[in-house]
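Structural characterization, general
Listed below are the residues making up each chain.
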Amino acid sequence: MLKCASPSRGLKPVLLRALMYGALLWAILNCFYVYGVLRGARAHRVETAVLVLVGLLLPQLLGNAANPPREMHDMSRRSRRLLLGLSVMILAATYVPLLTIPLLSDDYVFLDRYNNGALTSERWQFFRPIFELAFWIAATLGRGSEIVFHLLNLALHLGSAWLVYLLTRRYFHSETAAAIAFTVFVLNPTQLEAVLWVSGLQELLWTFFVLAALYAYTKEQALSPPRIAMTATLV
């Protein structure tokens with residue numbers, strides 16, 4: 001039997017839902033404004049709008065994760081595969097033509113630094129050994145070419161998107177939610193700078209290893225010494 005909520009109890013969910021839809025609309029409008037009108041300038045407007053939306057959605061998602069709505073149905077396997085495949089195709093169509101974007105500013109600084117000295121020596125103010133190692137390997141394999149760096153960045157971005165897929169499926173017990181999360185993450189326009197800028201390798205490495213640590217940490221409910229060690233190593 002349904003219970004009628006009092007005005008004081010019903011006002012808060014209605015207000016929260018209105019705020020969430022308002023934040024979603026604001027984020028969409030900012031995407032059109034920034035990338036359609038301003039040609040990519042002031043991208044911080046999109047990032048801020050997305051952060052506001054996430055801030056409003058996260059409590060709802062975490063609160064309802066254990067009890068998803070009964071009316072929610074999973075997409076068919078074919079539809080999910082179509083969504084994932086279409087996402088990767090759009091990603092490739094966006095990034096592949098841009099693999100020849102040349103090195104910029106800080107890229108030359110790092111390239112010179114890692115080609116003319118031992119890794120991490122006398123650089124405690126910028127102690128990022130994994131980034132330095134990855135940058136040195138990409139520079140060595142590519143012999144200064146920017147394409148190897150771009151391919152590495154793109155591979156890390158795809159790897160992070162797949163970890164988002166796995167974590168979402170594990171947390172929400174839904175293949176559909178996982179496919180949607182993958183699509184939103186991999187095609188989010190705020191990712192462009194980190195993926196296309198060679199020095200954005202720092203952010204991509206950080207994201208990939210943190211997501212991998214979360215995946216290792218949440219594998220089972222009971223923690224074991226090997227999983228604690230794996231999580232700590234990834235962090």
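Keep in mind the model is a prediction, meaning the values are calculated, not measured.

Focus on the overall build of the protein
Across its full length, the protein carries 10 helices and 0 strands. Secondary structure of the protein in N-to-C order comes out as α-α-α-α-α-α-α-α-α-α. The burial tally for the protein puts 31% of its 235 residues in the buried class. Contacts in the protein between residues far apart in sequence, at least 24 positions, make up 63% of those at least 6 positions apart. Summed over its atoms, the accessible surface of the protein is roughly 15700 Å², and 67% of this surface lies on carbon and sulfur atoms.

What about the nonpolar core?
Proteins that are soluble and globular tend to have nonpolar side chains buried together. Among the nonpolar cores identified, the biggest contains 40 residues, and Phe131, Phe135, Phe149, Tyr165 and Leu201 are the most heavily contacted of them. Among the secondary structure elements, those contributing two or more residues to this core are α3 (77–95), α4 (106–115), α5 (129–142), α6 (146–172), α7 (175–187), α8 (192–196) and α9 (201–217). Sorting elements by how many residues they give to this core places α6 first, with 9 residues.

What about the layout of surface pockets?
Of the pockets and cavities examined, the second largest pocket occupies roughly 350 Å³. Among the elements of the structure, α5, α9 and α10 (225–234) are those that each provide at least two residues to the lining of the second largest pocket. Of the residues belonging to the lining of the second largest pocket, the class tally is 10 nonpolar, 2 polar and 1 charged.

Focus: the side chain of Gln191
Counting through the fold element by element, Gln191 comes out in the loop between α7 and α8. For Gln191, a relative accessible area of 17% translates into the label buried. If we skip the residues at most four places from it in the chain, Gln191 touches Tyr95, His157 and Phe185.

A word on α9
Here α9 is 17 residues long and its end C-alpha atoms lie 24 Å apart, about the 24 Å a rise of 1.5 Å per residue gives. Of the residues making up α9, those classed as buried are Leu201, Gln202, Leu204, Leu205, Leu211, Ala212, Ala213 and Ala216.

A word on the environment of Trp206
For Trp206, the position within the fold is in helix α9. Look at Trp206 and you get exposed, because its relative accessible area is 60%. Along the backbone, Trp206 and Leu234 are 28 residues apart, and their C-alpha atoms lie at a distance of 9.7 Å.

A word on the confidence of the model for the protein
For residues with low pLDDT, the predicted coordinates do not support detailed interpretation. Of all residues in the protein, 85% attain a pLDDT of 70 or more, and the chain-wide mean is 83. For the stretch residues 1–8, pLDDT sits under 50, and the model shows 0 contacts to residues farther than four places along the chain or on other chains.

Some points on the packing of α6 against α7
Where α6 meets α7, the closest approach of the two axes is 8 Å, and the angle between their N-to-C directions is 150°. Here α7 runs roughly antiparallel to α6, going by the angle between their axes. The chirality of how α6 crosses α7 is right-handed. Contacts between α6 and α7 pair His157, Leu158, Ser160, Ala161, Trp162, Val164, Tyr165, Thr168, Arg169 and Phe172 from the former with Glu175, Ala177, Ala178, Ala179, Ala181, Phe182, Phe185 and Val186 from the latter. When the residues that make up the contact of α6 with α7 are grouped by side-chain class, the tally is 13 nonpolar, 3 polar and 2 charged.

Remarks on the packing of α3 against α7
Look at α3 against α7: their axes get within 10 Å of each other, and the N-to-C directions meet at 5°. Comparing their axes, α7 and α3 come out roughly parallel. In this structure, α3 contributes Arg80, Leu83, Leu84, Ser87, Val88, Ile90 and Leu91 to the contact, and α7 contributes Glu175, Thr176, Ala179, Ile180, Phe182, Thr183, Val186 and Leu187. Within the contact of α3 with α7, the residues separate by chemical class into 10 nonpolar, 3 polar and 2 charged.

Cut-off values and rules
Residues numbered from 1 in each chain as written. Predicted model: local features only at pLDDT ≥ 70, side-chain atom pairs only at ≥ 80, totals over all residues. Heavy atoms only, no water. Helix = DSSP H or I, 4+ residues; strand = E, 2+ residues; numbered from the N terminus. Buried < 20%, exposed > 50% of the residue type's maximum accessible area, 1.4 Å probe, protein only. Contact = heavy atoms within 4.5 Å. Areas by Shrake-Rupley, 256 points an atom, 1.4 Å probe, with all protein chains shown as cover. Core = buried A, V, L, I, M, F, W, Y, C linked by side-chain atoms within 4.5 Å. 1 Å grid on protein atoms, 1.4 Å probe; cavity = no way out; pocket = protein on both sides within 12 Å on 5 of 7 lines; lining within 4 Å. Points joined across faces, edges and corners; volume = space filled by probe spheres on them. Nonpolar A, V, L, I, M, F, W, Y, C, P; charged D, E, K, R; others polar. Expected span 1.5 Å × (residues − 1). pLDDT = per-residue confidence, 0-100. Axes fitted to C-alpha atoms, helices over the stretch in contact; angles between N-to-C directions. Parallel < 35°, antiparallel > 145°, perpendicular 65-115°, else oblique. Left-handed = near helix turned anticlockwise from the far one by under 90°.

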